[in-house]
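Structural features, examined
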Amino acid sequence: MAAASGGGPHTSSVQVGPIDLAARVDEALAVQAVAFGLGADEIEVRRHIVLRHLDHPRARALGALTPTGRLVGFVYGMPNERGHWWSTVVEPYLRATGSARWLDDSFVITELHVHPEFQNQGIGRALITTVTDAVDQPRSILSAIDTDSPARALYRSLGYQDLARQVLFPSAPKPYAVMGAPLPLLRRVPDRDRPAPIDFRPPPPPG
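Residues numbered from 1 in each chain as written. Predicted model: local features only at pLDDT ≥ 70, side-chain atom pairs only at ≥ 80, totals over all residues. Heavy atoms only, no water.

1. Description of the overall build of the chain
Looking only at helices and strands, one finds 5 helices and 8 strands in the chain. What you see in the chain, going N to C, is helices and strands ordered as β-β-α-α-β-β-α-β-α-β-α-β-β. Here the chain holds 207 residues, and the buried ones make up 44% of them. Here the analysis covers contacts within the chain between residues at least 6 apart in sequence; of these, 66% occur between residues at least 24 apart. Accessible surface, the chain as shown: approximately 10,800 Å² in total, 55% of it carbon and sulfur. (Helix = DSSP H or I, 4+ residues; strand = E, 2+ residues; numbered from the N terminus. Buried < 20%, exposed > 50% of the residue type's maximum accessible area, 1.4 Å probe, protein only. Contact = heavy atoms within 4.5 Å. Areas by Shrake-Rupley, 256 points an atom, 1.4 Å probe, with all protein chains shown as cover.)

Printed below as a string of structure tokens:
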């Protein structure tokens with residue numbers, strides 16, 4: 001179990017570890033509804049999607065639990081497959097930037113949410129680093145709303161960089177960015193010691 005505490009309105013210790021997300025899907029979606037501003041109809045659709053994803057034999061899920069057992073954050077993902085719906089949507093955008101190879105040998109972060117009352121305590125960071133530390137893939141990909149936000153800042157601090165922007169998903173009201181990072185993810189380091197940005201572009205053809 002990983003601990004995350006301090007820095008937010010709730011300062012009690014929160015423990016990050018494996019959970020049966022399928023059994024606690026309604027609790028998780030309640031967190032997502034508050035964090036992401038979802039209505040009841042959207043939650044019902046996402047409930048079926050989450051349960052279908054969790055049927056994947058290599059899906060991994062973690063939760064962030066208070067000492068009383070309240071679920072205040074969660075993350076889940078799985079090895080990416082090009083046949084997945086998400087991959088089929090983002091592939092043309094990644095191909096246009098020369099980054100389509102990131103769809104292979106990658107662990108995709110499908111959902112990561114922390115209740116707003118518990119944000120800014122390192123919980124999201126603990127969730128994503130812990131889940132990716134346990135996978136076999138050499139890199140990770142995810143999508144996030146394409147705007148400057150605390151979530152995008154967190155991902156960049158962990159080593160994720162933009163692979164494609166202004167990605168449009170059917171029925172999504174806002175464009176997304178697809179981001180990728182080598183694993184293991186970066187930990188906090190002083191700016192002077194931070195590695196130089198990674199160039200995700202393919203090498204030029206010979207000759």
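Now, onward.
2. Some details on the environment of Val50
Along the polypeptide, Val50 turns up in helix H2 (residues 40-54). With 61 residues separating them along the chain, Val50 and Glu111 place their C-alpha atoms 9.0 Å apart. Those residues in contact with Val50 that sit more than four places away from it in its chain are Val25, Leu29 and Tyr76.

3. Looking at the packing of aromatic side chains
One pass over the full model with this rule turns up 3 aromatic pairs. A ring pair is formed by Trp85 and Phe169, whose centres lie 5.8 Å apart and whose planes are at 40 degrees; its orientation type is tilted. One end of the pair, Trp85, is in helix H3 (residues 85-96); the other, Phe169, is in the loop between strand E7 (161-167) and strand E8 (176-182), with 84 residues separating them in the sequence. Given the relative accessible area of 52%, Trp85 is considered exposed. Note on Phe169: relative accessible area 11%, which makes it buried. Measuring from centroid to centroid gives 5.3 Å for Phe169 and Tyr176, while their planes differ by 85 degrees, and the two rings are edge-to-face. The residues Phe169 and Tyr176 share a single accessibility class, namely buried. Seen from the ring of Trp102, Arg139 lies directly overhead, with NZ or CZ sitting 5.0 Å from the centre. (Phe/Tyr/Trp six-rings, centres within 6.5 Å; stacked < 30°, edge-to-face > 60°. Lys NZ or Arg CZ within 6 Å of the ring centre and 35° of its normal.)

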